[in-house]
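Notes for the structure review
What follows is each chain in one-letter form.
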Amino acid sequence: MTYQDFTHSTRAKGNVRILRQQEELPLLRDHLLRLDRVSRHDRFQGFMDDSFIERYAAKCAADGTVIIAYIEDGVVRGAAELHPPDQSPDSLPEIAFSVEASVRRQGVGSILFRKLIAEARSKGYHSLRITTGAQNQAMRALANKFGAHLTFRYGESTGSIDLKQQSQPEPTMLGIATAADAARAMMNFNRAYWNLLLRMYGWGRMA
């Protein structure tokens, strides 16, 4: 995957883009290995050793999972994963998030979530499944912010996000406003130009 899309935040210092799965596998793997014990437990609903994480990252690179990474100074500090629907028991694409402690409370999770939703829409997905640990308050709050309806079962919070009910992303709305402003500016320019031309030839005084 070669598509890249850089997005800057007013608070976060890094950028966000989709990883090229095979070539950039070590970036995701190393990010997951850097997660502290609590973060690793929250991400995988239990403590997982390094060998498990290495196998997991390799699987993501091979099964078509889209990895959207938050990067600072060439290092992945946060990641959003969009797993293909054939990997899920209910045939829904599943999403997962991880953010290192050093970049928390900077809006990184929200940036990743917005980008992931946009990517899911571009693939034609209508609903997403999310699963997180029942104790992962930050992830639950972020999921609720984006319209997830979570239920609790066996120590996990599981829910779905209906993309059909999501509002359009902010960049799209800004693009529409910019286009409308440009059209109005062009109309005003044309009107001013013809008024000047008419005055130059004296036609304006005949009206």
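A short tour of the structure in this document, coming up. (Residues numbered from 1 in each chain as written. Predicted model: local features only at pLDDT ≥ 70, side-chain atom pairs only at ≥ 80, totals over all residues. Heavy atoms only, no water.)

So, about the layout of surface pockets. Here the largest pocket is characterised by a volume of approximately 620 Å³. For the largest pocket, the lining is made up of 25 residues, of which V99, R104, A138, M139 and L142 are closest to its centre. Of all the secondary structure elements, the ones that give two or more residues to the lining of the largest pocket are α2 (37-44), β4 (94-99), α4 (108-122) and α5 (137-145). The element best represented in the lining of the largest pocket is α5, accounting for five residues. Per-class residue counts for the lining of the largest pocket are nine nonpolar, nine polar and seven charged. (1 Å grid on protein atoms, 1.4 Å probe; cavity = no way out; pocket = protein on both sides within 12 Å on 5 of 7 lines; lining within 4 Å. Points joined across faces, edges and corners; volume = space filled by probe spheres on them. Helix = DSSP H or I, 4+ residues; strand = E, 2+ residues; numbered from the N terminus. Nonpolar A, V, L, I, M, F, W, Y, C, P; charged D, E, K, R; others polar.)

Here the focus is the environment of I67. With respect to the element layout, I67 can be found in strand β2 (residues 66-72). Taking C-alpha positions, I67 is 8.7 Å from H83, a pair spaced 16 residues apart along the chain.

Turning next to helix α1 (residues 25-34). When we look at burial in α1, the residues that qualify are L28, H31 and L32. The buried residues of α1 occupy an angular sector of 95° when the element is viewed end-on, so they sit on one face. In the core, the buried residues of α1 are packed alongside α2, α3 (50-62), β2, β3 (75-83) and β4. (Buried < 20%, exposed > 50% of the residue type's maximum accessible area, 1.4 Å probe, protein only. Arc of directions from axis to C-beta. Contact = heavy atoms within 4.5 Å.)

Now for the packing of α4 against α5. Where α4 contacts α5, the axes come no closer than 11 Å and their chain directions differ by 45°. Compared by their axis directions, α4 and α5 come out oblique. Here α4 runs over α5; the crossing is right-handed. Note on element contacts: α5 touches α4 through M139, L142, A143 and K145, opposite G109, S110, F113 and R114. Class assignment for the residues of the contact of α4 with α5 results in four nonpolar, two polar and two charged. (Axes fitted to C-alpha atoms, helices over the stretch in contact; angles between N-to-C directions. Parallel < 35°, antiparallel > 145°, perpendicular 65-115°, else oblique. Left-handed = near helix turned anticlockwise from the far one by under 90°.)

On to the nonpolar core, then. Core analysis: the biggest nonpolar cluster contains 28 residues, and I68, I95, F97, L112, F113, L116 and L128 have the highest contact counts within it. Put simply, the parts of the chain that give this core at least two residues each are β1 (15-18), β2, β3, β4, α4, β5 (127-133) and α5. In terms of residue count, α4 provides more of this core than any other element does, seven residues in total. Aside from chain neighbours lying at most four places away, what touches F113 is I95, F97, M139, L142, A143, F146 and I161. Among the nonpolar cores identified, the runner-up in size contains 14 residues, and L19, A69, I71 and V76 belong to it. (Core = buried A, V, L, I, M, F, W, Y, C linked by side-chain atoms within 4.5 Å.)

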